[in-house]
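Notes for the structure review
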Amino acid sequence: MTRPSPSSSRLAARLTPPSPPVRAHPVHHTKHHQTYVNGLNAAEEAYAKALEASDVLQLIKLQSALKFNGGGPSLPPPPPLAP
């Protein structure tokens, strides 16, 4: 096994992008989380409208958006449709 030469290590260090400052992480996390919250709110509003209209196809289509934005497998199933 060969060791990388010091010059190749310096080149790799120059080519590696710097990581964002630590103070930027909470900002990124907040914006990232807000995107899911907005998506979940929109999906829940659309789900309520589809439920009112008894639009079963739309209810089925919205399940993936609810699951994706609402937390994946921890999300409980939607309530059953009234007869």
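Reading the values: rules and limits
- Residues numbered from 1 in each chain as written.
- Predicted model: local features only at pLDDT ≥ 70, side-chain atom pairs only at ≥ 80, totals over all residues.
- Heavy atoms only, no water.
- Core = buried A, V, L, I, M, F, W, Y, C linked by side-chain atoms within 4.5 Å.
- Buried < 20%, exposed > 50% of the residue type's maximum accessible area, 1.4 Å probe, protein only.
- Helix = DSSP H or I, 4+ residues; strand = E, 2+ residues; numbered from the N terminus.
- Contact = heavy atoms within 4.5 Å.
- Phe/Tyr/Trp six-rings, centres within 6.5 Å; stacked < 30°, edge-to-face > 60°.

This part covers the nonpolar core. Formed by L40, A43, Y47, A50, L59, L62 and L66, the largest nonpolar core amounts to 7 residues. Of all the secondary-structure elements, those providing two or more residues to this core are α2 (24-52) and α3 (56-70). Top contributing element to this core by residue count: α2, with 4 residues. If we ignore the near neighbours within four places in the chain, the residues touching L62 are A43, A46, Y47 and A50.

Our focus in this paragraph is the packing of aromatic side chains. One pair of aromatic rings is described through two measures. These are the centre distance and the angle between the planes. For the coordinates displayed, the defined rule picks out 1 aromatic pair. Consider the rings of Y36 and F68, whose centres lie 5.6 Å apart with planes at 50°: the pair is tilted. Within this pair, whereas Y36 is found in helix α2, its partner F68 is found in helix α3, the two being separated by 32 residues in sequence. On the basis of relative accessible area, Y36 is assigned to the partly exposed category, the value being 28%. We classify F68 as exposed; its relative accessible area is 59%.

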